[in-house]
Each structure stands twice: as structure tokens, then as C-alpha cells.
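# Observations on chain architecture
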Amino acid sequence: MDTDEEDVSRIVPFQLQFDKPVASQIKIAEWNPEKDLLAMVTEDSKILLHRFNWQRLWTISPGRCVTSLCWRPDGKVIAIGLQDGTISLHDVENGKLLRSMKSHMVAVVCLNWEDDGGEEISDGNFVSKYEDRTSRFFPPAPRAPQVPGLVPGETGFMDETENLSQELSNSTHQRFNILCSADTDGIISFNIFGVFPIGKIDIHNFSVSCSLANKHVDCKLLNASICKVVFSKDLCHLTVLCSGELQVPDNNFRGFHCLTLGTSIFFKRRFELHQVAQQASNIEDLTEVIRASLSVMSKQWSDAIHTFHEKFDSLSSLIHDHGLDSTPQEEFLSLIGGARTSPAVHQFLVNSLGEPGLKRITKLVCSAGKELQVIVLEHLQPAAEMIGFRLGELRGLSKWRSRYQSVGLDETLIDNATEKAGMLLIQVQRFMRVLSSSIQQFSNFFNWLHKCVKMLMSEPSDQHQLPAFNSELVILFLKYLYDQDPVRRLLESTEVDHSIEVDVETMERVQELAHFGGFTDFDYLRRTLAKEFQQMESCFNKAFQMPFTTISRKILCQNMLPFFPIESSSKSTSSTVPTSISYYKEAMHEKKQSFVDYISFILPSDEPSSELPDCIVVTRRLMNNDLEAVLLSAPDGYHCVDLSLYKECQLVLLLNGPSSFSENSEKACMAILQADDLPFASISSLDSSSLWKLHELKDSVVYLQMDSLKVRGIPHSVVAPLAVSASRGVACVFAMRKRALVYILDEDEDEISDAD
């Protein structure tokens, strides 16, 4: 690079703000895009969050190896990729887990979370902004019930005082955004708002045309390992940097490649996708509330009835011990009919059960029934009603075929899901009637036993203090409920088909009603509440799988550029190819406000066959999709460790100096150069005789000089990562001695010092 006296005069040292020790070496670091918060991952897979003043806010340990990290564009949520393929989303305020998704089967090696750039554009007569109308007609969405008697956090159910995960789905106030994740098997997943899966691709399935020896041949990737995925600011395409074998006719070339995937569907149909994801993700949250409600209800009622039978089964043993040939129901019926009390019943009521035991059983069963009613009224039923409303919204959208069929919103599938949601509400009402009747009969039976115990113990009692009972209900209870449990049967969630018997006349009336009402399912009376929920959830999965499949098919590979070769014996064959941080920057292009995409990475220096040793690559994609690149050579004696694109198209380099430096010398430095001033050359339209595109630029390498850069010396050798805050002008450098160096990059430091 040419230098002159003006360049020398521009050299400004950066202010060293902090030099702090760290307990373990940091392997990943990312600044919050909106606040002065630095998220770091240590070698022992702990996640730390620090303020700019190095105050630690929280530390979490997932218990599994952390392999990637990124922030949501608004800085309120952080995404963590794990070795087992899980992606967990955490709240920035306290680090609490908001959502955990098994999006991959192997390690998630990179994450990228991008929004639509904040553009509000109207497309014809279509209104760009979407308002979720649910809040107009419903109170806040119910939360999953907590298991009584357990400390919050001991179960998978949410504490009543918390409402963390709903912030993810309550996306009315959010700009449309997509979380992109990639794993070691070459699978890339897309999730709207980070929670609603909208597509998945395998880069090995793409076959594109590639230039080789002035001819275009079809090529395909084999055994590819993804290093970086980055969305363009408008979400129209995704750039994938990977290493692997490029299969061409009669040959395979192993190297480092750049793929450009066409994702314009995310931009063109962002309003439609926003609405579908808004409703679908909330429906999925409400479905989890119903699942948790059914689980808690089933456990509570099962425990209560188990205790009831545990106590009352002893009566059968007493009857057998006294040589009687009868059942407990017959003995109780004899007692209520006024016959002489048998010794077995007397011993059971007076000695085995007793008044205290009867009171405990009464309280346990009746309290469980009332708690089930509360769960239904405060959790299950509101969730089912809101699901019905949100499905109604989706049903209306699905009829706008010209817009919503293109994103996979199928009218028939949504209609089926809507009907199942209505059937669930019917089953909820049915369950409440059965539960109320059962509680009443249990209570009446216990009240009768209470009076019997008083009489058998010959204790004087005030008749007005004893609970009243109905003899007919006692008889009904003994005939039908003593050994049967209709409440538990409705809640049963096992795979066993619990079919409810319905008389022929009733089924005929239901069939007539079905034809009159326009719905197709007339067999719902035979199903339990749990079975109805399972059928509804199955319909949801089918309906929401359609957009996922449709969008996945529309993501295509537009271009594949082989950058440079890699030998099979090289260490760079793994996903650790030193690609460094890549970023997309806003710029002025052709006198119009637009987005020019910049990507930067470091060429591996351990390639024996490489003709481009120790080079820094900076690429940019223009509005016409042409890809340009420039090769940079680090200053003499320096080696680039890491880099990051910074605001106003500046490139920050982290450089290690020569090992021959003395102890008192600066062993490393951080430098800034203007990226958009670099002499870029097109690599997408070169008339190449070689497969490797970057080799075409080997004769035009830009040699950097220290006196032409904005430089700050560092007294330690440094290692990656370099974390740069594009909004606040600060950088965090990690030294070999387990130290974190925080620098202020901007000359104007007022904004930094006043930052929260």
C-alpha cells in the first residue's frame, strides 16, 4: 500500500481501558450489538457476560461443550450452539434459559442472527406492518402451571412469577429476523425469531456450474465442513464459507470454498412469513401450556386416587379375614340400607381409617379436584381458546392464496387444525362436567362415611355440624365410581387407546350435527381429552411443516467459488479453518442508500502447496451480486491472528509481532484500515484457467505498512478471539497470559464513557 507523510500523521494510538485477568482462556467472544455487554465462552464451556467496565453480570454453565455464540440483533437474547446439536436461547438480563431447540444432530459450529435491516416498505396495496390482534380480545397468555409443593426450577414447568419464553414469541414489536445455524455435517437451519423453524438445507445436495479451464462444469461438494454462515443485510442471500472436496467430472479438488445461497424468499415474503411465524410460534407456546397442564393434572389426580385406593383397599383384606364372601361396595350398600354393620366394616371405619384418616383422604381428593378445576380455568382452557383464535387468523390468511401459498400456508391443513382445536374445547368442557360430578360424588361419599364413623364410635355429635349427604349419590358412587375413575381416563396420556363407549342413538345425533355444522369429525365423543390433544398437535405439526418444506425447497445455490486448495493432510481440513469474523456493513453505493456485504477471513498459513501464504482476504458483494476481493499481506514481521469488520467499513486487525522482540518490546498490535478504499478486483467474472479464484489475485497483493495504519501496541502475544463492538467503538483482545485487554477504538470517547 502506498504511504506518505499524511499517512504517518494519521497514526493514532487507541486508549487501553482495562487489562484484566481471566480464569480460563476465552475461545469465543461477541459484543452485544446494542449495549456495552461482552459475552464470552471459556475453554471449559462457561458463558460469561461482562459490562464494559468488566463488571460480571452472570455466569452460566450448560454442562455441554459450547461451540458457537451470537446475539439477536436487538441485543436482548443470546443464542448458544452446543456440541450435541442443541441451540439454547438465554435472556440477556439474567442468563436464564428461554428456549432450547434440537435443531441439529451434531455440533453447531456457527450461528448468525440477522433482521431485515429495518426497512418498512409497502408492496402494492399490502400493508407492511402486522399487528397481532390477540391482545385486543384476550388477557396475557397463560403460563404453564407449576407442580404444587416443588421449588421453582426443580421441574420443567415455569415459575408463576416468570414469563421468560413468551418474550420470544411475542414478536409484534420485533423486526422480522432469522437465526441461521450450521453444523459439522453441512446442515444449515433457519428459525424465524430464533424459535419457529422455517427451513433446513444440506449443502452437499447443491450442484452448480463452476468455471474450470475456461469451461463451465457441474460441481458438487463432498465432506464439506462449514466454517461461517452470514446473511446479507436484506436477507436476500446467505454466504457460506466451508472446506471440503469439490467434485467435478473425473476429479475431486479439496479446498476452501465460498457458496452463495439465494434466500430472497425471506425478503420478498417477509411480511407473510412474519405473520405465519407470529401465530405459529405462539400456538406452539400455548400447546406447551396445554401439555404441561395435562401432565400436572394427571399427576395430581393420580396421586390423590392412589392414596384413596391405598386406604380403602384394606377393607377387602378385612372382609376376607372375617370369612365373608362379599365386596366392599356390597358391605357399604348394606350399611347405607340400614342393615347391621359387619365386623369388617366396623373395624375398617373405626380402627383402620378413623375420623382423622377420613378427614385427610377427604381433603386430599377434594383439594386435588379443585386444583384441577383451577388449572383448567386458568391455564388449559384459556390456552385452548387462544389457540382457536390464532388458528382463525391463520385460516383467514390461508384463503389469500396468491400470497400465502408461496410460503406454504395450506388452507386444508389449517382448516383441519382449526377443527381439532374446536374439538379440544368441547372435550375441555366435557372434562369439567365429569370432574365436577366426580368431586361432588366423592365429597358426598366422604360426608356419609363421616357420619357413619361418628355413629359407630358412639360419639355424640351435632347434626348441624356434620356435612349433609345424599343417599342416592352414595349408591351411584358405590356402583360406578368406587372402582372406576372417569377423570383419570380422560387425562390418560399413554399409547393405549382409551376409547369411550357411546350409545348408538347419541352417535347418530352427533353425525347429524356434524353434517349440519360443517365439520367432518363425528367420532370425538369416543376420545379422551389427552387423545384429542394429541390429534390436535398432530394437525399442527402437519400444518406448520408445510411452510418449512416449502421454504427449504426455495433456498438454492446461486454460486460456488473455489477460493484456494487444501491438502488432505493439513490441519485446516477440519472446521477450524481460520476464517475469523465476517460482517456485513452498510455503505453508500451508486449515490443510493444500500447494503454492500463485506466478508473477511485469514488464509491458512500451514498449507505447503499454498501460493498465497499469510494473506488476509476481504470480499464484498455489490448490489448486482458481483463478488469482489482483495488480498492483503500483513506488515513485515507480523502475523494476523484475528480480524473483524468494524463500522464505516473499517477493518480491525489483530497482529502478533516477530518472536525476536525483546521482553520490553511490544509483541503484538491492533490496527485499523479503511476497507472500502482497498483496490478490489472482481473474482466472479474472471476468465480463469485455474479452478482457484484467489490465485488470480496473487500478483496484486496489497502489502500493508505499519505507518499507514491506525495502530495500538500490545505488550503481550495475543490469541483469538478479537471481539469488536461496532456500535460503541471498543475492542477486547485476549493475550496468551489469560488476560483481557479492552481498547477504545474511536477517537471520540465521550459516548463510550457515558455508556451504560
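Residues numbered from 1 in each chain as written. Predicted model: local features only at pLDDT ≥ 70, side-chain atom pairs only at ≥ 80, totals over all residues. Heavy atoms only, no water.

Along the protein chain, the regular secondary structure elements total 15 helices and 31 strands. Counting contacts in the protein chain only where the partners sit at least 6 residues apart, residues at least 24 apart contribute 66% of the total. (Helix = DSSP H or I, 4+ residues; strand = E, 2+ residues; numbered from the N terminus. Contact = heavy atoms within 4.5 Å.)

Before going further, it helps to examine unusual backbone geometry. The omega torsion across Ala720 and Pro721 is 15°, close enough to zero to call that bond cis. With respect to the helices and strands, the residue Pro721 is situated in strand β29 (residues 718-725). The residue Phe193 is not glycine, and still its phi comes out positive at about 60°. Here Phe193 lies in the loop between β12 (187-192) and β13 (196-202). Note on Phe193: relative accessible area 0%, which makes it buried. Of note, the phi angle at Lys738 is positive, near 55°, even though the residue is not glycine. Relative to the elements of secondary structure, Lys738 occurs in the loop between β30 (730-735) and β31 (739-744). (Buried < 20%, exposed > 50% of the residue type's maximum accessible area, 1.4 Å probe, protein only.)

The next thing to look at is the pattern of salt bridges. Within this structure, the stated rule accounts for 23 salt bridges. When the shortest N-O distance is used, the salt bridge between Asp115 and Arg175 registers 3.0 Å. In this pair, Asp115 sits in strand β10 (residues 108-115) while Arg175 sits in the loop between α3 (166-169) and β11 (177-183), placing the two residues 60 residues apart along the sequence. Looking at Arg175, the relative accessible area reads 44%, which means it is partly exposed. Among the ionic pairs, Asp116 bridges to Arg270, the shortest N-O distance being 3.8 Å. A residue pair is termed long-range when its members are at least 10 positions apart, and Asp116 in the loop between β10 and α2 (134-137) and Arg270 in helix α5 (residues 270-312) qualify at 154 residues. Linked by salt bridges that have partners in common, Arg269, Glu272 and Arg403 make up one network. (Salt bridge = Lys/Arg side-chain N within 4 Å of Asp/Glu carboxyl O.)

Core analysis: the largest hydrophobic core is formed by 129 residues, its most contacted members being Ile188, Phe190, Phe266, Phe312, Phe332, Leu349 and Phe445. For this core, the element with the highest residue contribution is helix α8 (residues 343-398), accounting for 21 residues. Grouped together as the second largest cluster of nonpolar side chains are 27 residues, Leu651, Ala675, Phe680 and Leu709 included. (Core = buried A, V, L, I, M, F, W, Y, C linked by side-chain atoms within 4.5 Å.)

Our focus in this paragraph is the sheet that holds β31. With antiparallel pairing, the four strands of this open sheet are ordered in space as β1-β31-β30-β29. Each edge of the open sheet carries a strand with a single partner, namely β1 (15-21) and β29. Pairs of neighbouring strands in the sheet enclose a mean axial angle of 20°, with direction left out of account. Taken together, the six bridges between β1 and β31 define a ladder with antiparallel strand orientation. Pairing of Phe18 across the sheet is with Val742, part of β31. (Pairing = 2+ DSSP bridges. Axes fitted to C-alpha atoms, helices over the stretch in contact; angles between N-to-C directions.)

On to helix α6 (residues 314-321). Here α6 has its buried residues at Leu315, Leu318 and Ile319. An end-on view of α6 places all buried positions within 100° of arc, on one side of the element. For α6, the exposed residues set more than 90 degrees away from the buried face come down to His320 and Asp321. At its buried positions, α6 is contacted by α5, α7 (328-336) and α8. Looking one or two residues beyond α6, the residue adopting positive phi is Gly323, at roughly 75°. (Arc of directions from axis to C-beta.)

Attention shifts here to the packing of aromatic side chains. Aromatic rings in a pair are described by how distant their centres are and how their planes are angled relative to each other. Evaluation of the coordinates by the stated rule reveals 31 aromatic pairs. Across from the ring centre of Phe267, 4.1 Å away, lies the NZ or CZ of Arg270, which sits over that ring. (Phe/Tyr/Trp six-rings, centres within 6.5 Å; stacked < 30°, edge-to-face > 60°. Lys NZ or Arg CZ within 6 Å of the ring centre and 35° of its normal.)

A few words now on the packing of α6 against α8. The geometry of α6 relative to α8 is characterised by a closest axis approach of 9 Å and an angle of 135° between their N-to-C directions. The orientation of α6 relative to α8 falls into the category oblique. Here α6 and α8 pass one another in a crossing that is right-handed. Within the contact between the two elements, α6 uses Ser314, Leu315, Leu318 and Ile319 and α8 uses Ala344, Val345, Gln347, Phe348 and Ser352. Counted by class, the contact of α6 with α8 contains six nonpolar, three polar and no charged residues. (Parallel < 35°, antiparallel > 145°, perpendicular 65-115°, else oblique. Left-handed = near helix turned anticlockwise from the far one by under 90°. Nonpolar A, V, L, I, M, F, W, Y, C, P; charged D, E, K, R; others polar.)

Right, let's talk about the environment of Ile361 for a bit. Looking at the element boundaries, Ile361 is found in helix α8. Distance in space between the C-alpha atoms of Ile361 and Ala304 is 8.2 Å, their sequence separation being 57 residues. With near-sequence residues (within four places) excluded, Ile361 lies in contact with Thr307, Phe308, Lys311, Phe312 and Phe446.

An order of β10-β11-β12-β13 is seen for the four strands of this open sheet, with the pairing classed as antiparallel. The open sheet has two edge strands, β10 and β13, and neither has a second partner. Taking each pair of neighbouring strands and ignoring which way they run, the sheet shows an average axis angle of 15°. Note that β12 and β13 share six bridges and pair antiparallel. Each residue of the ladder has a partner; that of Ile187, found in β13, is Asp202. Sheet strands touched by α5: β12 and β13. Its angle to β13, the strand with the most contacts, is close to 110°.

Further remarks concern helix α10 (residues 411-456). Helix length check: α10, at 46 residues, gives a terminal C-alpha distance of 67 Å against a target of 68 Å (1.5 Å per residue), a fit within 8%. For α10, the N-terminal capping position is held by Asp410, with its side-chain oxygen 3.1 Å away from the main-chain nitrogen of Thr412. Backbone geometry just after α10 places Ser458 at a positive phi near 55°. (Expected span 1.5 Å × (residues − 1). Polar contact = N/O pair within 3.5 Å; in protein donor to acceptor, adjacent residues only side chain to side chain.)

On to the confidence of the model for the protein chain, then. Of all residues in the protein chain, 79% have pLDDT values of 70 or greater, and the mean over the chain is 81. Of all helices and strands in the protein chain, the one with the weakest mean pLDDT is helix α1 (residues 5-9) (43), whereas β12 scores best (96). Every residue in residues 120-128 is under pLDDT 50, and counting partners more than four places away or in other chains gives 14 contacts. Low confidence marks residues 150-163, where pLDDT is under 50. Its contacts with residues over four positions away, or in another chain, come to 27 contacts. (pLDDT = per-residue confidence, 0-100.)

This brings us to the packing of α7 against helix α11 (residues 471-481). Contact geometry for α7 and α11: axes closest at 10 Å, N-to-C directions at 170°. For the element pair α7 / α11, the angle class is roughly antiparallel. As α7 runs across α11, the sense of the crossing is left-handed. On α11, the residues touching Gln329, Phe332, Leu333 and Ile336 of α7 are Ser471, Val474, Ile475 and Leu478. Class assignment for the residues of the contact of α7 with α11 results in six nonpolar, two polar and no charged.

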